[in-house]
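Examination of the molecular architecture
Okay, here's what each chain looks like letter by letter:
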Amino acid sequence: SQQGEEDPQALSIQEGENATMNCSYKTSINNLQWYRQNSGRGLVHLILIRSNEREKHSGRLRVTLDTSKKSSSLLITASRAADTASYFCATVTGNMLTFGGGTRLMVKP
Amino acid sequence: KAGVTQTPRYLIKTRGQQVTLSCSPISGHRSVSWYQQTPGQGLQFLFEYFSETQRNKGNFPGRFSGRQFSNSRSEMNVSTLELGDSALYLCASSSLTGRNTEAFFGQGTRLTVV
């Protein structure tokens, strides 16, 4: 079963706009990670945020984590057509990654 | 440094057959995990191996099994294939114990059961 639920399931924006995706989870975690998947291919790690961190940045990515609400958000600023992909949050409990259902992002040029 | 390699990339099998998928992790990575991805169920954890020992197992029937060799390469086997086993099977490797490190994924094996 999936630990996380992502919202929205699909998002369509224009190039240059910001994209925000949210993830909620159910149990306590060691850390939370975000991954990107281009159509039918493997996942690529984007960013990891530890349970004692509240915010983290990496290039155009900003991730927040609220452990009291068991939620996280991924913000992609100044989106590009190449950002079109599915984005998944994954919680880490022990040595196991549990993925959410993902958000399909389409960035229109 | 070579990435995670999964073979084969595509596979078509008939119901009732068995299949073996292979995964070569990044050199030096000792943790290998397997995931099944389907449109209906999303990404689901199958099992994780570390130093040839299965440390975690997901909620899959016994038809799904795996192993890890001394060189960290891993195989997963599905016996008595069912139509519902059609999926993208992804392998991921990570260094250390995988707890606070990222996982590196292969491109996956697309299995179609007919």
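Below is a summary of the structure that appears in this document. Note that this is a predicted model, so its numbers are computed, not measured. (Residues numbered from 1 in each chain as written. Chains lettered and ligands numbered in written order. Predicted model: local features only at pLDDT ≥ 70, side-chain atom pairs only at ≥ 80, totals over all residues. Heavy atoms only, no water.)

Within the structure shown, the criterion is met by 2 disulfides over all chains. The side chain of Cys23(A) participates in a disulfide bridge whose partner is Cys89(A); the two sulfur atoms lie 2.0 Å from each other. Taking the sign of the S-S torsion, 65° for the link of Cys23(A) and Cys89(A), the bridge is right-handed. Taken as a pair, Cys23(A) in strand S3 (residues 19-24) and Cys89(A) in strand S9 (residues 85-93) lie far apart in primary sequence, 66 residues in all. A relative accessible area of 2% places Cys23(A) in the buried class. Here Cys23(B) connects covalently by a disulfide to Cys91(B), the sulfurs 1.7 Å from one another. Negative torsions about the S-S bond denote left-handed disulfides, and the value of about -55° found for Cys23(B) with Cys91(B) makes this one left-handed. (Disulfide = S-S within 2.5 Å. Helix = DSSP H or I, 4+ residues; strand = E, 2+ residues; numbered from the N terminus. Buried < 20%, exposed > 50% of the residue type's maximum accessible area, 1.4 Å probe, protein only.)

Residues and elements named next belong to chain A. With 5 of 6 residues buried, strand S8 (residues 71-76) lies mostly within the body of the structure. Here 6 bridges tie S3 to S8, and the two strands are oriented antiparallel to one another. When the bridges of S8 are listed, asparagine 22 appears paired with serine 73. Between strand S7 (residues 61-66) and S8, which follow one another and run antiparallel, lie 4 residues, and lysine 70 among them has a positive phi close to 50°. (Pairing = 2+ DSSP bridges.)

Attention shifts here to unusual backbone geometry. Following Asp7(A), the chain continues into Pro8(A) via a peptide bond in cis, with omega recorded as 0°. The residue Pro8(A) is located in the loop between strand S1 (5-7) and strand S2 (10-14) in this model. Its identity as a non-glycine residue notwithstanding, Glu52(B) has a phi of 70°, on the positive side. Summarising the element assignment, Glu52(B) is placed in the loop between strand S5 (42-50) and strand S6 (53-57). A relative accessible area of 47% places Glu52(B) in the partly exposed class. Look at Ser72(B): it is not a glycine, yet its phi comes out positive at around 75°. Tracing the backbone through its elements, the reader meets Ser72(B) in the loop between strand S7 (64-68) and strand S8 (74-78).

What follows is about the environment of Val114(B). Residues and elements named next belong to chain B. Counting through the fold element by element, valine 114 comes out in the segment after strand S11 (109-113). Valine 114 sits 101 residues away from lysine 13 along the chain, and the two C-alpha atoms are 6.2 Å apart. Filtering out sequence-adjacent residues up to four positions away, valine 114 remains in contact with Ile12, Lys13, Thr14, Arg15 and Leu83. (Contact = heavy atoms within 4.5 Å.)

Residues and elements named next belong to chain B. Across 5 bridges, the pairing between S7 and S8 is antiparallel. Counted as the bridge partner of phenylalanine 64 is valine 78 from S8. Here S7 folds back onto S8, and the loop between the two strands holds 5 residues, one of which, serine 72, carries a positive phi near 75°.

What follows deals with the sheet that holds S8(A). Residues and elements named next belong to chain A. Pairing within the open sheet is antiparallel, and its 5 strands lie in the order S1-S3-S8-S7-S6. Pairing within the sheet leaves two strands with one partner each, and these edge strands are S1 and strand S6 (55-58). Direction aside, the axes of adjacent strands within the sheet are offset by 15° on average. (Axes fitted to C-alpha atoms, helices over the stretch in contact; angles between N-to-C directions.)

Let's shift gears to the interface of chain B and chain A. With 22 residues of chain B at the contact, the number on the chain A side is 21 residues. Carbon and sulfur atoms supply 48% of the area buried between chain B and chain A, which totals about 1,900 Å² over both sides. Applying the counting rule to chain B against chain A returns 0 salt bridges. In this assembly, chain B and chain A are joined by 3 residue pairs in polar contact (both at pLDDT 80 or more). Only strand S4 (31-38), S5, S6 and strand S9 (87-94) of chain B provide two or more residues apiece to the side of chain B that touches chain A. Among the elements that line the side of chain B that touches chain A, the one with the most residues is S5(B), at 5 residues. The residue inventory of the side of chain B that touches chain A, partitioned by class, reads 7 nonpolar, 10 polar and 5 charged. (Buried area = accessible area lost by both parts, 1.4 Å probe. Salt bridge = Lys/Arg side-chain N within 4 Å of Asp/Glu carboxyl O. Polar contact = N/O pair within 3.5 Å; in protein donor to acceptor, adjacent residues only side chain to side chain. Nonpolar A, V, L, I, M, F, W, Y, C, P; charged D, E, K, R; others polar.)

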